[in-house]
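# Results of the structural survey
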Amino acid sequence: MTALPLGLVGLGTIARNQHLPALAATPGLRLAAIASRNAAEPGLPSYPDIGAMLAAEPALRAVSLCTPPQGRFDQAFAALEAGRHVMLEKPPGATVSEVQALARLAAARGLTLFATWHSREAAAVEEARRLLAGATIRRVEIDWMEDVRHWHPGQEWIWQPGGLGVFDPGINALSILTRILPEPVHALSARLEVPENRQAPIAAAVAMTTASGAPVAARFDWRQTGPQTWDIRVATDGPEIVLRDGGATLVVDGAPRITAEDHEYRRLYARFAALIAAGESEVDLAPLQLVADAFLMAERVATDAFHDPG
Ligand code: NAP
């Protein structure tokens, strides 16, 4: 198989920790250029922005965007206009409608657009989906609590409009939820705690329901120190299905069933290569729609100012 040359945009935390090693392990793709305002990779051509990269590297067939959601639309638009396949980090954009516009553009140009949800590639997610396929859902509880100072030091964009605040990790839980449940979910109400000096929530409680009326309660909180919690608990007419560790661990009626190491990004890049080969796109906006609806319905309360030592 000939490896397709790919350009990566935004050499930040997730690009270095996950995208670079995953690309190195993906036979169908070859990292061939970087666009970064500040950083470079030894041995690779680097450009200050995506426009310069696209103009100087006509051989690039695909682009992977690892930048914050605000501003990603313009980058994706430029790449699609230039005839390149595009892979988007989660969340796929700052708004639902901008990603729909990208999907239309990709379809019109016959290009692949892949809106990734890395948490859906966690080891236990597909088995949870399989176990829930024929189940009647009684209740779902999501607890997604982590320490923002540990995971997001110095990241100003997460606190700005479009940055999602605590929904930046919370949308990972919603991406799993909307993958494993056998029926759609919609938002009913939300309560957002917004630091008095910030634009985005540091904590959120979202009440949702399945189409058949089972309650789905999500609690997202960025103030948790010590052990971190990324759990989804599903009560059914059969066994209780619990995903822990962000989808890496499956517990069925209290018995551990799966614990596996993380290959989320390798799976994403393998899928991107497969989608390109098949001439297909994958753009599921259900998680982003739930976040957008939570913001639409939200009661907002001010809470303590957040100061980032990062
Ligand atoms: P980050 O560390 O802040 O890196 C983002 C990079 O994007 C920056 O290093 C910068 O790279 C570039 N950039 C372009 N315009 C920017 C702007 N206006 N403000 C800040 N950076 C800008 O963020 P990240 O954690 O890698 O997150 C990027 C995306 O990946 C987000 O959508 C996030 O939800 C997702 N993600 C993050 C994680 C995680 O654990 N951190 C996990 C999964 C997914 P240059 O200096 O090279 O231009």
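What follows deals with the packing of helix H1 (residues 13–24) against helix H8 (residues 264–278). Following both chains from N to C, one finds H1 and H8 inclined at 55°, their axes separated by 8 Å at the closest point. Considering the angle they form, H1 stands oblique to H8. As for how H1 packs across H8, the hand of that crossing is right-handed. For the pair H1 and H8, contact is made by Ile14, Gln18, His19, Ala22 and Leu23 and by Tyr265, Arg266 and Tyr269, respectively. Partitioned by chemical class, the residues of the contact of H1 with H8 number five nonpolar, two polar and one charged.

Right, let's talk about the domain arrangement of the protein chain for a bit. Domain annotation for the protein chain reports domain 1 (4–115) and domain 2 (123–259 + 293–303). Between the C-alpha centres of domain 1 and domain 2 there is a distance of 27 Å. Every contact between the two is made by six residues of domain 1 and, on the other side, ten residues of domain 2. Summed over both sides, the interface of domain 1 with domain 2 buries roughly 630 Å², with 55% coming from carbon and sulfur. Counting the surface domain 1 buries against domain 2, the share from its top three residues, Gln70, Lys90 and Pro91, is 63%. One can count one salt bridge joining domain 1 with domain 2.

Our next topic: the sheet that holds strand E10 (residues 215–221). Pairing in this open sheet of nine strands is mixed, and the strands run E14-E13-E12-E11-E7-E10-E9-E8-E15 from one edge to the other. For this open sheet the edge positions go to strand E14 (255–259) and strand E15 (298–303), each flanked by a neighbour on one side alone. Ignoring strand direction, the axes of neighbouring strands in this sheet form an average angle of 15°. The pairing of strand E12 (residues 241–244) with strand E13 (residues 249–252) spans four bridges and is antiparallel. In the sheet register, arginine 244 faces E13, and the bridge partner there is threonine 249. Against the sheet, helix H5 (residues 125–132) contacts strand E7 (137–145), strand E11 (229–236), E12, E13 and E14, and its axis sits at roughly 165° relative to E12.

So, about helix H9 (residues 286–297). In a regular helix each residue adds 1.5 Å, so twelve residues correspond to 16 Å; H9 covers 16 Å between its end C-alpha atoms and thus fits that length. By the burial criterion, the buried members of H9 are Pro287, Leu288, Leu290, Val291 and Ala294. Angular distribution of buried residues about the axis of H9 spans 160°; they occupy a single face of the element. Those residues of H9 that are buried are in contact with helix H4 (96–109), helix H7 (167–180), strand E8 (185–195), strand E9 (203–210) and E15.

All right, on to the environment of glutamate 41 then. Along the chain, glutamate 41 falls in the loop between strand E2 (29–35) and strand E3 (46–47). Expressed as a C-alpha distance, the spacing of glutamate 41 and leucine 20, which sit 21 residues apart in the sequence, is 9.9 Å. Contact partners of glutamate 41, with chain neighbours within four places excluded, come to Leu11, Arg16, Leu20, Ile34 and Ser46. Looking at glutamate 41, its side chain comes within polar contact range of the side chain of arginine 16, at 3.1 Å.

Close to the ligand lie 21 residues; Thr13, Ser36, Asn38, Lys90 and Asp168 are nearest. Here serine 36 contributes a side-chain N or O atom positioned 2.3 Å from an oxygen atom of the ligand. Between asparagine 38 and the ligand, the recorded distance is 2.6 Å, taken from a side-chain N or O atom to an oxygen atom. A total of 860 Å² of accessible area belongs to the ligand in isolation, and the protein chains cover 80% of it. For the shell around the ligand, a count of residues per class yields eight nonpolar, eight polar and five charged.

Conventions adopted
Residues numbered from 1 in each chain as written. Predicted model: local features only at pLDDT ≥ 70, side-chain atom pairs only at ≥ 80, totals over all residues. Heavy atoms only, no water. Axes fitted to C-alpha atoms, helices over the stretch in contact; angles between N-to-C directions. Helix = DSSP H or I, 4+ residues; strand = E, 2+ residues; numbered from the N terminus. Parallel < 35°, antiparallel > 145°, perpendicular 65-115°, else oblique. Left-handed = near helix turned anticlockwise from the far one by under 90°. Contact = heavy atoms within 4.5 Å. Nonpolar A, V, L, I, M, F, W, Y, C, P; charged D, E, K, R; others polar. Domains from an automatic or database assignment. Buried area = accessible area lost by both parts, 1.4 Å probe. Salt bridge = Lys/Arg side-chain N within 4 Å of Asp/Glu carboxyl O. Pairing = 2+ DSSP bridges. Expected span 1.5 Å × (residues − 1). Buried < 20%, exposed > 50% of the residue type's maximum accessible area, 1.4 Å probe, protein only. Arc of directions from axis to C-beta. Polar contact = N/O pair within 3.5 Å; in protein donor to acceptor, adjacent residues only side chain to side chain. Near = heavy atom within 4 Å. Areas by Shrake-Rupley, 256 points an atom, 1.4 Å probe, with all protein chains shown as cover.

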